[in-house]
Amino acid sequence: MSDPPPRRDYLTRFQQQGEVAMARNPLSVRMPEDIDAIVRAKGDRTAWLRDAIIEKLWREGNLPEQYHHLVSDSPEL
């Protein structure tokens, strides 16, 4: 039996988005099932997760200054 063909998006799945260079390897985290279901239901969960991580780093005072504009203009913070 032959190997299944590779995914059609294998060359483009993790390409840089926007002007900021992205890390070579994506982060991965397991969550409780109910929280996982909520996050997976988000329309653009990758952007949502990035925003959530940036917001948490901002609140902890660990966000590098070059990203402060992403949260300092936000009315929610």
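Our subject in this report is the structure included herewith. Because the structure is predicted, anything quoted here is derived from the model rather than measured.

1. With respect to helix H2 (residues 45–60)
Between its first and last C-alpha, H2 extends 22 Å over 16 residues, near the 22 Å set by a 1.5 Å rise per residue. At the C-terminal side of H2, Gly 61 shows a positive phi close to 80°.

2. A closer look at the pattern of salt bridges
Side-chain pairs of opposite charge can arise whenever the charged atoms involved come near each other. Inspection of the entire model under this criterion finds three salt bridges. Across the pair Asp 36 and Arg 40 runs a salt bridge whose closest N-O atoms are separated by 2.7 Å. Of this pair, Asp 36 and Arg 40 both sit in helix H1 (residues 33–40), four residues apart, which is roughly one turn of that helix. Where Arg 59 meets Glu 55, a salt bridge forms, and the shortest distance between an N and an O atom there is 2.8 Å. Residue Arg 59 and its partner Glu 55 are both found in helix H2; the two are separated by four residues, about one turn of the helix.

3. Thoughts on a nonpolar patch on the surface
Together, Val 29, Met 31 and Ile 35 make up an exposed nonpolar region whose accessible area comes to about 280 Å². With respect to the helices and strands, Met 31 occurs in the segment before H1. A relative accessible area of 41% means that Met 31 is categorised as partly exposed.

Reading the values: rules and limits
- Residues numbered from 1 in each chain as written.
- Predicted model: local features only at pLDDT ≥ 70, side-chain atom pairs only at ≥ 80, totals over all residues.
- Heavy atoms only, no water.
- Helix = DSSP H or I, 4+ residues; strand = E, 2+ residues; numbered from the N terminus.
- Expected span 1.5 Å × (residues − 1).
- Salt bridge = Lys/Arg side-chain N within 4 Å of Asp/Glu carboxyl O.
- Patch = residues over 30% accessible without salt bridge, like charges linked within 9 Å, V, L, I, M, F, W, Y side chains within 5 Å.
- Areas by Shrake-Rupley, 256 points an atom, 1.4 Å probe, with all protein chains shown as cover.
- Buried < 20%, exposed > 50% of the residue type's maximum accessible area, 1.4 Å probe, protein only.

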